[in-house]
Amino acid sequence: MIRDEKVFDLIAQERARQMNSIVLIASENFVSYQFLEAMGSVMTNKYAEGYPGKRYYGGCQIVDQTEQLAIDRAKELFNAEWANVQPHSGAQANMAVLMAVLKPGDVFMGLDLSHGGHLSHGSPVNSSGILYRTVAYRVEAETGLINYDKMEETALRERPKLIIAGASAYSRDWDYARMRKIADQIHAILMADIAHPAGLIAKGLLNDPLKHCHIVTTTTHKTLRGPRGGMIMIGKDFENPWGLKTLKGETKMMSALLDSAVFPGVQGGPLEHVIASKAVAFGEALTETYMNYVIQVKKNAAVMSQAFVDKGYHVISGGTDNHLMLIDLRSKFPEITGKVVENTLVKADITVNKNMVPFDSRSPFQTSGLRVGTPAITTRGFKEDKMPVIVDLIDQVISKIDSEEVILAVKKKVNELMRDYPLFAD
Ligand SMILES: *Cc1c(COP(=O)(O)O)cnc(C)c1O
């Protein structure tokens, strides 16, 4: 067969772009070569609808073993009672939970999207907001912190059947125990979506949601540093506490409800090549090397956030407990939008993403904020001493936002810097 040079040329260009730039997108990371090998393997050829030992296709004896290995390692890593590693993405993991726990039209509660929540937590353009009724809790304007008292008030008034903890742009830890107390009062299911901080949670650097939440969902490609995908877990002793029933009126174990919600509920055949790569990721995350990695991610984020503060930027909530921070540009540059900064930094080979800040005066397309995270640069080998250097490069670009000269000078420095941090160190 003739090799498709057009596509492979684009892949080579993308690889060069990744190698040469400082990636500060909080949800991105770099996988090592063996993950690519697993994802690019013959496992992609196999149909395996169903679960290990209970498939709708013959010839699953090997993929049964990789999927079981992924499940066993995930359970060990998070100390979970049960796991489903088939969700194609974090959003699909969430969609499956909503399907398992709610009936169309039921109410659930999540963090307001403009305060750091995720599209799949009830946005009107996502199935979660179209099929179900959503109520939101928010952060406080002065502190940037979630107000659990107000969350409780809203929950008692609106009586959601499901409460979701977790966010895409919240730099502080979560009080899962407090949320569980709120959920118990109204017989709601408590779910944590740990798509972002999963790796830090797995290694004990943040509060453990599996001790308190009935269900935990995550992605596998953010701090977990595995292939792009999702996963659902159950912690200890949380099998269907409120006797949820299926649409047919049967009461089942929570794990059975969730399994059927993933397949055949929202997905068809699992991506066994990605699941093989997830097994590699969970295996790696069980090592001491990975422990050191997440410790460095957190250290880098703390130092970077202080460096932004030192340059006169307002960091929402004053800092970070995890791997990311949200910067309100209005404190230093009231006229410059997140959109302009994102686009200008890309020209200097620095990638960040524009983000709404709580109580933003601008639209989601403009925004007044930036979301910045350290997982990707930490994988490249950056230690905390380089964080002020990176912040200074960013500040140089924003301070002279219209200067092509500054952009080029910074880009040159960025490319030089990245040469010392190879993409495939192994
Ligand atoms: C990233 C993210 C997701 C979605 O993950 P995808 O794999 O992009 O679907 C879900 N929830 C939260 C909180 C996230 O940050």
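Residues numbered from 1 in each chain as written. Predicted model: local features only at pLDDT ≥ 70, side-chain atom pairs only at ≥ 80, totals over all residues. Heavy atoms only, no water.

Enquirer: Any chance you could explain the nonpolar core here in plain terms?
Expert: One recurring pattern in soluble globular proteins is that nonpolar side chains are buried together. Counting residues in each nonpolar core, the largest one holds 51 residues, and the members touching the most others are Phe78, Ile146, Ile163, Trp174, Met179, Ile194 and Met233. Here this core gets five residues from one element, more than from any other, and that element is helix α3 (residues 61-78). For Met233, the residues in contact, after removing those within four places along its chain, are Phe78, Ala80, Trp82, Ala83, Ile194, Leu210, His214, Ile215, Val216 and Thr218. Core analysis: the second largest hydrophobic core is formed by 37 residues, Ile327, Ile336, Val352 and Leu417 among them. (Core = buried A, V, L, I, M, F, W, Y, C linked by side-chain atoms within 4.5 Å. Buried < 20%, exposed > 50% of the residue type's maximum accessible area, 1.4 Å probe, protein only. Helix = DSSP H or I, 4+ residues; strand = E, 2+ residues; numbered from the N terminus. Contact = heavy atoms within 4.5 Å.)

Enquirer: Could you clarify how one ought to interpret the sheet that holds strand β4 (residues 82-84) in this entry?
Expert: The strands making up a sheet associate through hydrogen bonds between their backbones, and the pairing can be parallel or antiparallel. What the seven strands build is an open sheet, ordered β4-β10-β9-β8-β7-β5-β6; its pairing is mixed. Strand pairing shows two members of the sheet lacking a second neighbour, β4 and β6 (133-137), which therefore form its edges. Direction aside, neighbouring strands of the sheet carry axes that sit 20° apart on average. Examined bridge by bridge, β4 and strand β10 (residues 230-234) share three bridges and lie antiparallel to one another. Each bridged residue has a counterpart across the sheet, and for Ala83 the counterpart in β10 is Met233. (Pairing = 2+ DSSP bridges. Axes fitted to C-alpha atoms, helices over the stretch in contact; angles between N-to-C directions.)

Enquirer: Quick question: what am I supposed to make of the sheet that holds strand β15 (residues 369-373) here?
Expert: The four strands lie next to each other as β11-β12-β15-β14, forming an open sheet whose pairing is antiparallel. Every other strand in the sheet has two partners, leaving β11 (314-315) and β14 (353-355) as the edge strands with one partner each. Pairing geometry for β14 and β15, over three bridges, is antiparallel. Following the sheet pairing, Lys354 is matched in β15 by Leu370. Most of the contacts of helix α11 (residues 288-310) go to strand β12 (residues 324-328), to which it runs at about 10°, and overall it touches β11, β12 and β15. In this fold helix α12 (residues 338-347) packs onto β14 and β15, with an angle of close to 175° to the strand it touches most, β14.

Enquirer: Looking at this model, I keep getting lost on the packing of α3 against helix α10 (residues 272-285). Mind explaining?
Expert: In helix packing, the relevant descriptors are the interaxial angle and the interaxial distance, both defined with respect to the helix axes. In contact at an axis separation of 8 Å, α3 and α10 are set at 35° when each is read in the N-to-C sense. When the axes of α3 and α10 are compared, the crossing they make is left-handed. Between α3 and α10, the contacting residues are Val63, Thr66, Glu67, Ala70, Arg73, Ala74 and Leu77 on the first element and Glu272, Ile275, Ala276, Ala279, Val280, Phe282, Gly283 and Ala285 on the second. Of the residues that constitute the contact of α3 with α10, the class distribution is 10 nonpolar, two polar and three charged. (Left-handed = near helix turned anticlockwise from the far one by under 90°. Nonpolar A, V, L, I, M, F, W, Y, C, P; charged D, E, K, R; others polar.)

Enquirer: Explain the packing of aromatic side chains to me, please; I cannot follow it from the model alone.
Expert: Aromatic rings considered in pairs are described by the distance between their centres and by the relative angle of their planes. Counted according to the given criterion, the structure contains nine aromatic pairs. Seen in terms of ring centroids, Phe308 and Tyr313 are 5.5 Å apart; in terms of plane orientation they differ by 90°. Their pairing is edge-to-face. Neither Phe308 nor Tyr313 differs from the other in exposure class; each is buried. Aromatic pair Phe382 and Tyr421: ring centres 3.9 Å apart, planes at 15°, arrangement stacked. Within this pair, whereas Phe382 is found in the loop between α13 (375-379) and α14 (387-399), its partner Tyr421 is found in the segment after α15 (404-419), the two being separated by 39 residues in sequence. (Phe/Tyr/Trp six-rings, centres within 6.5 Å; stacked < 30°, edge-to-face > 60°.)

Enquirer: Help me understand the site of the ligand, please; the structure alone is not making it clear to me.
Expert: Taken together, 13 residues form the shell around the ligand, and within it Gly90, Ala91, Ser168, Asp193 and Lys222 come nearest. A distance of 2.8 Å separates an oxygen atom of the ligand from a polar backbone atom of Ala91. Burial of the ligand by the surrounding chains reaches 86%, relative to a free accessible area of 380 Å². Residue contributions to the shell around the ligand peak at three residues, all from helix α4 (residues 90-101). (Near = heavy atom within 4 Å. Polar contact = N/O pair within 3.5 Å; in protein donor to acceptor, adjacent residues only side chain to side chain. Areas by Shrake-Rupley, 256 points an atom, 1.4 Å probe, with all protein chains shown as cover.)

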